[in-house]
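The primary structure of each chain is shown beneath.
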Amino acid sequence: MPLPTALLVNRNRGVVDAVQGVFDTIDHLRLEVCPEGEQARRAATRPEVILVLAHIEATGGEAGITQLLWAIAATRRACPTLVLSDRYAEHQAAGLLRAGAADYLELPADRAKLAQLADAHT
């Protein structure tokens, strides 16, 4: 059986490196990076993916995140999604949380908080 996986949807190398550094400290979960929305929607439906961290710009904005949330919901299994954004937008955060996102974080995210959230959702 594959190791439980967190899927990071992002193409920014700096963010990928920072998030990888957090996940290097979590031994029960591996990190997989997916650079774009359509590929992420397919990857997020795999049973070993138990957490998704989605950069809003890499998924096609709010509509792309919503499509990702719908794809995950269609699997009828728990797979929390943490939305990462370059800037906090209250209306966007509220809409995505109503659509099913587990949390909405502004980048750069606090590494300790990100580790805590990842651990809490797995």
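In this report, we go over the structure that sits alongside the text. For clarity, every value in this text was computed on a predicted model and none was experimentally measured.

### Topic: the overall build of the chain
The number of helices and strands found in the chain is five helices and five strands. When the elements of the chain are put in sequence order from the N terminus, they spell out β-α-β-α-β-α-β-α-β-α. Relative to the 2.2 N^0.38 estimate, which gives 14 Å for 122 residues, the radius of gyration of the chain is 13 Å and therefore close to what a compact globule would have. Based on the C-alpha atoms only, the size of the chain along its principal axes is roughly 35 × 30 × 25 Å. Relative to its 122 residues, the chain shows a buried fraction of 49%. Expressed as a percentage of contacts within the chain between residues at least 6 apart in sequence, the contacts between residues at least 24 apart total 64%. If you sum the accessible surface of the chain, you get close to 6,300 Å²; carbon and sulfur atoms cover 52% of it.

### Details of the pairing of strand β5 (residues 103-106)
Where strand β4 (residues 81-85) lies against β5, four bridges are found, and the strand directions are parallel. Note that in β5 the partner of V83 across the bridge is Y104. Of the crossover connections in this fold, the one passing from β4 over helix α4 (residues 90-99) to the parallel β5 is right-handed.

### Concerning the pattern of salt bridges
Evaluated as defined, the whole model comprises six salt bridges. One salt bridge in this structure joins E32 and R46, with 2.6 Å as the shortest N-O distance. Taken together, the residues E32 in strand β2 (residues 30-34) and R46 in the loop between α2 (37-43) and β3 (49-55) connect sequence positions 14 residues apart. Look at R46 and you get partly exposed, because its relative accessible area is 25%.

### Focus on the state of the cysteines
Using the criterion set out here, one finds zero disulfides in the structure. In this structure C34 is not part of a disulfide, and its nearest cysteine sulfur, from C79, lies 13 Å away.

Cut-offs applied
- Residues numbered from 1 in each chain as written.
- Predicted model: local features only at pLDDT ≥ 70, side-chain atom pairs only at ≥ 80, totals over all residues.
- Heavy atoms only, no water.
- Helix = DSSP H or I, 4+ residues; strand = E, 2+ residues; numbered from the N terminus.
- Rg over C-alpha atoms; globule rule 2.2 N^0.38 Å.
- Buried < 20%, exposed > 50% of the residue type's maximum accessible area, 1.4 Å probe, protein only.
- Contact = heavy atoms within 4.5 Å.
- Areas by Shrake-Rupley, 256 points an atom, 1.4 Å probe, with all protein chains shown as cover.
- Pairing = 2+ DSSP bridges.
- Right-handed = clockwise from strand over helix to strand, strands pointing away.
- Salt bridge = Lys/Arg side-chain N within 4 Å of Asp/Glu carboxyl O.
- Disulfide = S-S within 2.5 Å.

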